[in-house]
Amino acid sequence: MDFEAIEDQDGVRCSWNVLPNTRIEATRGVVPVSALYTPLKERPEQPPIRYEPVMCKVPCRAVLNPYCQIDVRGKLWICPFCLQRNQFPPHYKDISAHNLPPELLPRFTTIEYELPRRSPVPPVFMFVVDTCLPEDELKALKDSLILALSLVPANALVGLITFGTMVQLHELGHQDCPKSYVFRGTKDYNVKQIQEMLGIGSSIRNQPGAPQAAQSMPQQTYGADRFVQPVEQCEFTLTSILEQLQRDPWPVASDRRPLRSTGAAMAVAVGMMESAFPNAGGRIMLFCGGPATQGPGMVVGPELKEPIRSHHDIDKESDRHYRKAIKFYEGLARRAAASGHAMDIFSGCLDQVGLAEMKSMVNWSGGSMVLTDSFVTAIFKQSFQRVLEKDESGNLQMGFNATLEVQTTKELKVCGMIGPGISANKKSAMVSDSEIGIGGTTAWRMAALNSRTTVGIYFEVANQQSQALQPGSRGLIQFATMYQHAGGDYRMRVTTIARSWAEGASPDIPASFDQEAAAVLMSRIAVYRAEQEEVGDVLRWLDRMLIRLCQKFGDYRRDDPASFRLAPSFSIYPQFMYHLRRSQFLQVFNSSPDETAFYRHCLFREDTTNSLTMIQPSLMSYGFEGPPAPVLLDSVSMKPDVILVLDTFFHILIWHGETIAEWRKAGYHEQPEYENLKLLLEAPVVDAQGLLVERMPVPRYIVCDQNGSQARFLVSKLNPSTSYSSANQYGGGEAVLTDDVNVSTFLSALSGLAVKGAS
Amino acid sequence: MGAPPPPPGSAPGAQRPPMHPGQRGPPPPPPPPPPSGGPRPPPGFPMQGASPQYMPAPQPHHPQQFQQPSQQQPQHPGAQGSMMRPPQPPTASPQNRGLPPMPPQQMSQPQQQHLPPQPQQNPHDGMAALSNQMGGMSIGHPPPQPGMASPPPTSQQKLRARRVYPTANSPTAAAPPAGGAMPGVSGYPPAAGTQAPGYPGASATGYAPSAGPQTFVPGAQAPAPVSAAGAGYARGPGVPGSPPGVAQQQQQQAQPAPYEPPRPRIDPTQMPTPISVHTHDQEIHNEKPYSTALKTNIPMASTNFTAIDDGNCNPRFVRLTMYSVPHTAELLRASHMPLGMVVQPLADLAPTEEPVKLIDFGEEGPIRCLRCKTYINPYMVFINGGKHFVCNICRHENTVPDDYFCNLDMAGRRLDCEMRPELRNGTVEFVATKDFIAREPVPASFVFAIDVTWNAVQNGMVSQAAAAIKDALYGGPGLPPGARVAIITYDRSAHFYSLSPLLDQAQMMVVPDIHDMFVPINDGFDADPIESRHVIEGLLDALPTMFAQNRTAEPVLGAVVQAAHEALRSRGGKLLLFQTALPTFGPGSLKQRDDPKLHNTDKERTLYEPQDSFYHDWAVKLVEEGISCNLYTFPSAYMDLATLSQLSTVTSGELYSYPGFDAGRDGKRFAADLRADVQRTYGTNAVLRIRTSDGLRVDEHYGNLYMRNHVDVELAGVSSDTAIGALLQYDEKLDEKQDVYFQAALLYTTSDGQRRIRVHNLAVPCTTLIGSMFRNSEIDASMNLIAKMAVAEAQTTPLKAIRDKLSDRCVQILTAYRRNCASGSSPGQLILPEAYKLSPLYTLSLLKSPALRGGADVPIDQRTFHMYLLRQLSVPKSVRYFYPTVAPLHTLGESEGVVDESTGIVSLPELSRASYAMLNPAGAYFLSGDGSLVFWLGRQVPPQFLQEALGASSLEQVDVKQHALPELDTALSRKIRTIADQLVGNRAGFAYVQIIRQGMDQAEVQFASKLIEDRNNDNMTYVDYVCAVHRQIQVEVRPKGPAEPKWSYN
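Thresholds applied
- Residues numbered from 1 in each chain as written.
- Chains lettered and ligands numbered in written order.
- Predicted model: local features only at pLDDT ≥ 70, side-chain atom pairs only at ≥ 80, totals over all residues.
- Heavy atoms only, no water.
- Helix = DSSP H or I, 4+ residues; strand = E, 2+ residues; numbered from the N terminus.
- Buried < 20%, exposed > 50% of the residue type's maximum accessible area, 1.4 Å probe, protein only.
- Contact = heavy atoms within 4.5 Å.
- Areas by Shrake-Rupley, 256 points an atom, 1.4 Å probe, with all protein chains shown as cover.
- Rg over C-alpha atoms; globule rule 2.2 N^0.38 Å.
- Lys, Arg positive; Asp, Glu negative; His and termini not counted.
- Charge placed at Lys NZ, Arg CZ, Asp CG, Glu CD.
- UniProt positions renumbered as here; feature names shortened; annotations may be inferred.
- Buried area = accessible area lost by both parts, 1.4 Å probe.
- Salt bridge = Lys/Arg side-chain N within 4 Å of Asp/Glu carboxyl O.
- Polar contact = N/O pair within 3.5 Å; in protein donor to acceptor, adjacent residues only side chain to side chain.
- Pairing = 2+ DSSP bridges.
- Axes fitted to C-alpha atoms, helices over the stretch in contact; angles between N-to-C directions.
- pLDDT = per-residue confidence, 0-100.
- Parallel < 35°, antiparallel > 145°, perpendicular 65-115°, else oblique.
- Left-handed = near helix turned anticlockwise from the far one by under 90°.
- Nonpolar A, V, L, I, M, F, W, Y, C, P; charged D, E, K, R; others polar.
- Phe/Tyr/Trp six-rings, centres within 6.5 Å; stacked < 30°, edge-to-face > 60°.
- Lys NZ or Arg CZ within 6 Å of the ring centre and 35° of its normal.
- Patch = residues over 30% accessible without salt bridge, like charges linked within 9 Å, V, L, I, M, F, W, Y side chains within 5 Å.

With respect to the overall build of chain B
Thinking step 1. When you go through chain B residue by residue, the secondary structure sums to 33 helices and 32 strands.
Thinking step 2. Taken across its 1050 residues, chain B has 66% of its residues classed as buried.
Thinking step 3. The long-range share in chain B, meaning contacts at least 24 apart out of those at least 6 apart in sequence, stands at 77%.
Thinking step 4. Only carbon and sulfur atoms are counted for the fraction: they give 53% of the accessible area of chain B, which is about 33,600 Å².

Quick notes on the overall build of chain A
Thinking step 1. Secondary structure summary: chain A contains 21 helices and 29 strands in total.
Thinking step 2. Taken over the C-alpha trace, chain A has a radius of gyration of 28 Å; the compact-globule value for 759 residues is 27 Å, and the two agree within 12%.
Thinking step 3. When the backbone C-alpha atoms are referred to their principal axes, chain A occupies close to 85 × 80 × 60 Å.
Thinking step 4. Across the 759 residues of chain A, 60% fall into the buried class.
Thinking step 5. Pairs at least 24 residues apart make up 73% of the contacts formed inside chain A by residues separated by at least 6 positions.
Thinking step 6. With an accessible surface of roughly 30,500 Å², chain A has 52% of that area assigned to carbon and sulfur atoms.
Thinking step 7. Charge centroids of chain A, computed over 73 positive and 82 negative side chains, lie 7 Å from each other.

Digging into the UniProt feature "domain: Gelsolin-like" (unreviewed entry) in chain A
Thinking step 1. If you check UniProt for "domain: Gelsolin-like" (unreviewed entry), the listed places come out as residues 628-714 of chain A in our numbering.
Thinking step 2. With 37% helix and 23% strand, the stretch residues 628-714 of chain A has end C-alpha atoms that lie 18 Å from each other.

Here we look at the interface of chain B and chain A
Thinking step 1. Of the residues lining the interface, 23 residues belong to chain B; the matching set on chain A comes to 20 residues.
Thinking step 2. Counting each side, the surface lost to burial between chain B and chain A is near 2,000 Å², with a carbon and sulfur contribution of 56%.
Thinking step 3. Together, B:Pro512, B:Phe518 and B:Asn522 form the three largest contributors to the area buried by chain B at its contact with chain A, with a combined 25%.
Thinking step 4. Where chain B touches chain A, the interface holds three salt bridges.
Thinking step 5. Ionic pairing is found between B:Asp516 and A:Lys187, a salt bridge with its closest N-O pair at 3.5 Å.
Thinking step 6. Put simply, chain B and chain A have 10 residue pairs in polar contact (both at pLDDT 80 or more) between them.
Thinking step 7. For the side of chain B that touches chain A, the secondary-structure elements that each account for two or more residues are strand 15 (507-511) and helix 18 (533-546) of chain B.
Thinking step 8. Residue contributions to the side of chain B that touches chain A peak at five residues, all from strand 15 of chain B.
Thinking step 9. With three bridges joining them, strand 11 (residues 179-184) of chain A and strand 15 of chain B adopt parallel strand pairing. The residue of strand 15 of chain B that forms the bridge with A:Tyr181 is B:Val510.

Description of the environment of B:His280
Thinking step 1. Relative to the helices and strands, B:His280 is located in helix 13 (residues 274-287).
Thinking step 2. Sequence separation between B:His280 and B:Thr303 is 23 residues, and the spatial gap between their C-alpha atoms is 9.4 Å.

A closer look at the sheet that holds strand 6 (residues 340-343) of chain B
All names here are of chain B.
Thinking step 1. Strand order in the open sheet formed by four strands is 4-6-24-21, with antiparallel pairing between adjacent strands. The outermost strands of the open sheet, each flanked by one partner alone, are strand 4 (318-320) and strand 21 (696-702). If you compare each strand with its neighbour and ignore which way they point, the axes differ by 25 degrees on average.
Thinking step 2. Relative to strand 24 (residues 724-730), strand 6 runs antiparallel, the two sharing four bridges. Residue Val 342 lies in a different strand from strand 24, and its bridge partner there is Gly 725.
Thinking step 3. Here helix 25 (residues 779-792) sits on the sheet in contact with strand 4, strand 6, strand 21 and strand 24, set at roughly 90 degrees to strand 24.

Some remarks on the confidence of the model for chain A
Thinking step 1. Chain-level statistics for chain A give a pLDDT mean of 88 and a share of 94% at 70 or above.
Thinking step 2. Per-residue pLDDT stays below 50 along residues 203-221 of chain A; that stretch engages in 25 contacts with residues further than four places along the chain or on separate chains.

Topic: the UniProt feature "domain: Sec23/Sec24 trunk" (unreviewed entry) in chain B
Thinking step 1. The feature "domain: Sec23/Sec24 trunk" (unreviewed entry), as annotated in UniProt, sits at residues 441-677 of chain B in this numbering.
Thinking step 2. End C-alpha atoms of residues 441-677 of chain B are separated by 22 Å, and the span's content is 33% helix alongside 18% strand.

Section: the packing of helix 27 (residues 839-848) of chain B against helix 33 (residues 1022-1037) of chain B
Residue and element names in this part refer to chain B.
Thinking step 1. Relative to each other, helix 27 and helix 33 sit at 110 degrees, their axes nearing to 10 Å. Compared by their axis directions, helix 27 and helix 33 come out roughly perpendicular. In terms of crossing hand, the pair formed by helix 27 and helix 33 is right-handed. Taken together, the residues of helix 33 that come into contact with helix 27 (itself represented by Pro 840, Leu 841, Thr 843, Leu 844 and Leu 847) are Tyr 1022, Tyr 1025 and Val 1026.
Thinking step 2. Among the residues making up the contact of helix 27 with helix 33, the classes are represented as seven nonpolar, one polar and no charged.

Here we look at the packing of aromatic side chains
Thinking step 1. All chains considered together, the criterion is met by 60 aromatic pairs over all chains.
Thinking step 2. Aromatic pair A:Phe553 and A:Phe570: ring centres 4.8 Å apart, planes at 15 degrees, arrangement stacked. Of this pair, A:Phe553 sits in helix 14 (residues 535-553) while A:Phe570 sits in the loop between strand 24 (560-565) and helix 15 (573-582); the two residues are 17 residues apart in sequence, bridging distant segments of the chain.
Thinking step 3. Relative accessible area serves as the criterion here: at 1%, A:Phe570 is assigned to the buried category.
Thinking step 4. A network of ring pairs unites the aromatic residues B:Phe448, B:Phe578, B:Tyr632, B:Phe634, B:Tyr656, B:Tyr658, B:Phe661 and B:Phe670 as a single cluster.
Thinking step 5. Positioned over the ring face of A:Trp541 is A:Arg529, at 4.7 Å from the centre of the ring.

Let's talk about the sheet that holds strand 1 (residues 12-14) of chain A
Residue and element names in this part refer to chain A.
Thinking step 1. The strand order across the open sheet formed by four strands is 1-3-20-17, and the pairing between neighbours is antiparallel. Each edge of the open sheet carries a strand with a single partner, namely strand 1 and strand 17 (412-418). Sheet twist, expressed as the mean angle between neighbouring strand axes with direction ignored, is 25 degrees.
Thinking step 2. With six bridges joining them, strand 17 and strand 20 (residues 455-461) adopt antiparallel strand pairing. Bridged to Lys 413 within strand 20 is Glu 460.

What about the environment of B:Tyr836?
Residues and elements named next belong to chain B.
Thinking step 1. When you line up the elements, Tyr 836 lands in the loop between strand 28 (831-833) and helix 27.
Thinking step 2. Each residue touching Tyr 836, except ones within four places of it in the same chain, is listed here: Met 337, Pro 338, Ser 777, Ile 779, Ser 782, Ile 813 and Leu 814.
Thinking step 3. Among the polar contacts made by the side chain of Tyr 836, one reaches the side chain of Ser 782 at a distance of 3.1 Å.

Thoughts on the UniProt feature "domain: Zinc finger Sec23/Sec24-type" (unreviewed entry) in chain A
Thinking step 1. The sites that carry the UniProt feature "domain: Zinc finger Sec23/Sec24-type" (unreviewed entry) are, in the present numbering, residues 53-92 of chain A.
Thinking step 2. The span residues 53-92 of chain A carries 0% helix and 22% strand; its end-to-end C-alpha distance comes to 12 Å.

Things to note about the pairing of strand 13 (residues 282-288) of chain A
Residue and element names in this part refer to chain A.
Thinking step 1. Burial analysis of strand 13 places seven of its seven residues in the buried class, the great majority of the element.
Thinking step 2. Burial along strand 13 is two-sided: the face carrying Gly 282, Ile 284, Leu 286 and Cys 288 and the face carrying Arg 283, Met 285 and Phe 287 are both buried.
Thinking step 3. Note: strand 8 (residues 124-130) against strand 13, six bridges, orientation parallel. Opposite Val 129, over in strand 13, you have Phe 287 as the bridge partner.

A closer look at the UniProt feature "domain: Sec23/Sec24 helical" (unreviewed entry) in chain B
Thinking step 1. Per the UniProt record, "domain: Sec23/Sec24 helical" (unreviewed entry) is found at residues 779-879 of chain B.
Thinking step 2. Counted over residues 779-879 of chain B, helix gives 64% and strand 3%. Its end C-alpha atoms are 10 Å apart.

Examining the pattern of salt bridges
All names here are of chain A.
Thinking step 1. Applying the stated rule across the entire model yields 77 salt bridges over all chains.
Thinking step 2. In this structure, the salt-bridge partner of Glu 317 is Arg 323, at a minimum N-O distance of 3.7 Å.
Thinking step 3. On the basis of relative accessibility, which here comes to 47%, the residue Arg 323 falls in the partly exposed class.
Thinking step 4. In this structure, the salt-bridge partner of Glu 606 is Arg 452, at a minimum N-O distance of 3.6 Å. In this pair, Glu 606 is assigned in the loop between helix 16 (593-605) and helix 17 (608-615) and Arg 452 in the loop between strand 19 (443-449) and strand 20, connecting sequence segments 154 residues apart.
Thinking step 5. One connected set of salt bridges, linked through shared partners, spans Arg 50, Glu 112, Glu 114, Asp 489, Arg 491 and Arg 493.

A look at the pairing of strand 26 (residues 626-630) of chain A
All names here are of chain A.
Thinking step 1. Here strand 25 (residues 618-623) pairs with strand 26 via three bridges, running antiparallel. In the sheet register, Met 620 faces strand 26, and the bridge partner there is Pro 630.
Thinking step 2. What sits between the antiparallel neighbours strand 25 and strand 26 is a turn of two residues.

Structural notes on the confidence of the model for chain B
Residues and elements named next belong to chain B.
Thinking step 1. The pLDDT averaged across chain B works out to 74; a share of 72% of its residues lies at or above 70.
Thinking step 2. Counting interchain partners and residues more than four positions distant, the pLDDT-below-50 stretch residues 1-264 has 981 contacts.
Thinking step 3. Here residues 1042-1050 is a poorly scored stretch, pLDDT under 50, and it has 26 contacts once near neighbours within four places are set aside; other chains count.
Thinking step 4. Predicted as a complex, the structure gets a pTM of 0.79 and an ipTM equal to 0.85.

Thoughts on a nonpolar patch on the surface
All names here are of chain A.
Thinking step 1. The grouping of Val 685, Tyr 701 and Val 703 at the surface amounts to a nonpolar patch, some 210 Å² of accessible area in total.
Thinking step 2. Relative to the assigned elements, Val 685 resides in helix 19 (residues 675-694).
Thinking step 3. Its relative accessible area of 30% is what places Val 685 among the partly exposed residues.

Pasting the structure below:
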């Protein structure tokens, strides 16, 4: 089975592509029936069709799809999910077996409808800018923001909030002088207060004394047009405000951090957006250069002698601010996501800025998180621009205010979703009692999403016992994503997949196992749990799951580890698990809470390939002995005469073996007779650039030599097949200084456990 | 009201009391019952035939009739005449008057009536009046004429002090002032007559409606009429009630007129007036500078003088109520005069006077007495060859610091005396050392906070304020050096502006969270007005348009105060608030609590109390930070100044009020006020301490100030106009051989951030003689202090009680004089101490001031405002407040209305008295009192005058809507404009003028109410009042006889 072809067609990868037909069998499969779905996967060859989808009767609302039975004569179709009969609408009267509308054609299992409704409000971009920055940082940030004004569509609405000791909401429509509304940085303003103070929102609109909304703006803005205006209209004003933007002027003592009111600023932004633009697509983009030091959502106190929290502090619950801040930002995240606004965080700081506290704002709303050392870096600039990239037709590559709904046939129930979004609280008969991720619903809201945004959706098989299977019977899953396209129209993408049922013992089932997808789906579960539980528990759970999987699908003789074999469809799954256990997702040692939050954020939203890269980085070797080739992610690959390119998704690292490095230092590559060396040195750089271009956020690009300090990034990822504690089994390579077991030890232990019988 | 003025003819018929018109009418028949009088007031009145005059005067009757000045007069006289003799208080001697009262509303009629009667009656009336008045005069009455020493008390002192008004009309007053006045009188009568015609008509229409109920006088009379002629006010027995309303109305209008012509004797022109007194004093000081070494006989506050500081401070700084201090409390008590002072520590000096010397004693600071901390001054005595000095205040012997040592000369004076200003001058300024600095002094910030709600935009305040601020900052000398400027605007939120000179234009920051106020700017909140001129000017220019569409109401005053407090914390400065409405939103929001039902009742005073403590509490906080708050109000409705004004009173700030603000009408005045406010000398964070010789101490301080303890007066801001009253009290007997010493020390930060101590010293002789107390008393300071004391009671005492107390005090002082210094004089004569002869007039003026007058028609806010004024007024200003300046313009001579190049002073024409009867219908006058200026045009003013002054060919063509005098290229126009500027306080080009044509413009009612000598404002005429006072004095002085009814007037 070509999983990638399926993915290209539908944007779906399922852990099992043939489904066990009973609940028990499914449970025994260890990896749940689940799917990674990329709702907006780019499908350039299939442009959207311009009419309303045909839907089933009200409670069901499933969309007509190629798996429906149709009665051409009676102009009827039967909904495969609820089995109701539906009349085709009048304009389908000419339907016939040879004249089918696209949605009934098999190759349109995924189809995008462009609905004839447009969003009344163009997308809104609210920039929330930290001014407690060093001069050069602020300058760079201002430049990026000004540049961004030319990147967003001309009709898009933009607004600006700056914050430091205080929070300033800038009024863009004011002609006479720069004007801003200032809020205390130490206060949590609720929506009502903000509406009252700004004179915006539906409740305020009709009060006497409220400013009269300009007629040119749609009603939805409720008076907010003073603060948020189309770029084409306010570009000059906004540019000049940005240019005049000064560092936060309040004095900072040398033993204190600047007072930074990130929480209050976000509260104002969220309050304003939800008052003025409820359910209209928008992004709140936070640019912060340090941790919040006062007010709600405070991450660390203003005194430098108080260190910022570490994982240790969080585990011990010894940090005074952490819980409170988490709660505060979750509150904001919930509100923003509920009104369809995404929140992005761009952090430019060598230290932590509190992403661990603020992550919910990004994760729940589908925004982006970019972690950089400084706003001066290319990583920030490019990542920011990449967020605002446009497609060929000039529309931003993003969807807004999306709702993803899942329909299943009755044998399947929905356990939950793990990905960037929140529950839309749609209860239906398809909701399973057991929850995985965000459960209790069959619909989720994602305030923003792009072509790579991928969610993991988990199902369970509802059949209690085996029923006589109709041959060819299939379980159907329909994903319907309604979203506001960057162009302003609403669209609905519908993907309907069908997977065959099989008896529990059928060999089709293991053969249909997509181990890559399964690894990603399992890692999502593990990481999701790690957010809530002790990491140790999660690791043990992961181990148990792996052992059980091996027991179930391995080929072995009882109690004979040497006899243990795995079928090809499972063969590399244990390695993924090995690397997952060692990964920064589950090992927080050496990472700050912010970094961990960032890594996990990325894992939750990337597609299968990228996720796999995160879990098990890829390693390419360049040498004179042949064309570049992937090599084992193993210390043996570190040879003196090769160049390695490591891609961990977050980093792209070029490593020069000792010999190569010496040659380079000696300048051989500059001599014409050693042009081959020059070529060898250039090849990985070119390839690395290719990787850099595609990725969001832009990875960190590292070039290092063997034994150089930066080489630690590589070494830490390698399987320590040669460590100080073990003899060099294969010869060559470099010892890795670690106590971790290496893959072979892991696998042998695994096979030992797997063959032991009941565990 | 009812019937407008029937023609004159009717009047006569009306004589009967019952008839409304009758009021007037009656008078003519006048001479009713002289008889009854006999018994009563034997003392004063009976004495002289003339005596009766007084009686009438006191009684309301006159006033009523008077309303129409000239006309009535005749009538009265007649009536009075008859009455006169009998002058018995109880019985209504003034039957005549009694008559008038009856018809409550016939304002108009009276007038008419009067007219006719006048001519006819005049003869008698005049006679009668004369007699009456005369009687009064002679007896006790009125105007003591300076010269008349008739009752010659004892010593020369007494002679000088008192003035007796001769019984006879004798025009020749002994005293110069009186004399002057007299002649004038004769001239007037005719004028009055002429005026009458025009006036009545006008008044009839205009007044009738407005006439409020006037309780006292009229009422009394009304009933009385028939009964006894003699009933004085005092009696007021049944009176009070009924008819008053009518009577008064009429009275007000007519008052002035009636008197003059008819009674020669009581001729009001003989009454002592400030005009003659001031003129006299001015003449004395015109030529020669005043040396303060004299210690006494200081120039009056109204006088333009040049003082040479020879040990005592310039009277501009400190003015005592008496320059001979009694040696015991008993003596003081016997005189009933207040002993105290009014200190105006930063008063402006005349250009001809030497500026205050600044002395830097280096790190050690100024030399002070160890025990009482008195600063070194010329009255410290050096002894022991200069090794020690004796403190003049506490007599402690201090050692002279080595570096300050100097040998003494033969007379015991230090050899370096001439070199050291602190040993020569009464006023010096020391550089403050660290001990006096609680926090680093910095230049003051002027924060302009402008209400920009719909209301403020609509009435033009915002644009006016912006323009005025701009003008104040850049239109002239600008702010005091070093001062900084900040601007706030506010509606339902507060708007701050960053004025940093680095910006191209101001940045506006709105703080909508007014319940939790803060200042959103750190740097650039205030800026140097010169450095940031482009920013500030740009902002001020833009303000009106920025808020032109502002629809919000409810300015958040409280939040702005909080913000200013935070912004100026630990720096000090001046907060200028421009507020248009009652703050009903945000912190410090107030309720609308004005209730007309409370007006004119004992409960009215609850409206003078703040309704909550918010503003007081914050004002105290402002004081702690050295922030004074000037509140400019532009109310279109009640805005509870009583509560809001706390901001000004506690922080020693100013309060300005422009009710029903109209940019066209009030704009210039507002701009001028603001400019003067901003540009005058100013200091922050001040503490005033008054030290006195042992045996005396300051009992109470009066003014707009805050006191944490009993001795230190904390002034958040102190300007050249800040005046503090202090009432002294005895701890023990003073040594009469020693001078009594005073030292007022003001520690303050100048507007450019220098910490200074200004010290004013004063030594005055001590006396054991009450006569010398009277001789050396100072009426201006006394009345100023008395007014401050009266207002201070307003929150705890009903106004009526305060008014009674004021009158009582006046009577008591004069009685004391009479008892102690003029006991030999005839009881029928009114004998006034020379220095205090204006006290009845000033007391009357105080009774009529909107702060204290009765009646329900004074808006509460206006009352509060005037109370504030009285608390705050400096002595020179209070003199003008008590008696308006009326300058005739139709008789300008060559030298009048011209600026004297050397002194910059404008020579004014000889002023007229503030009485309608004194105005010539063929003339034109300026009237200036409380900063406003009225241009009154008589009915018969010559067209040529109109043409030259206003460019109008006839009275009808005069544009009364214009608020500025047209700048015509005629000598007259120029002179008039020069005079106008002078009258409103030398604010060149800012005079706002209201033009009123006699008998044509409604506004004449208000004009008339400013004529203090007439019956108006719920009180009697000057003449009547003097009569009343006189009668009471007689009662007091008379040996305890048979149960004499105790007098109470009012």
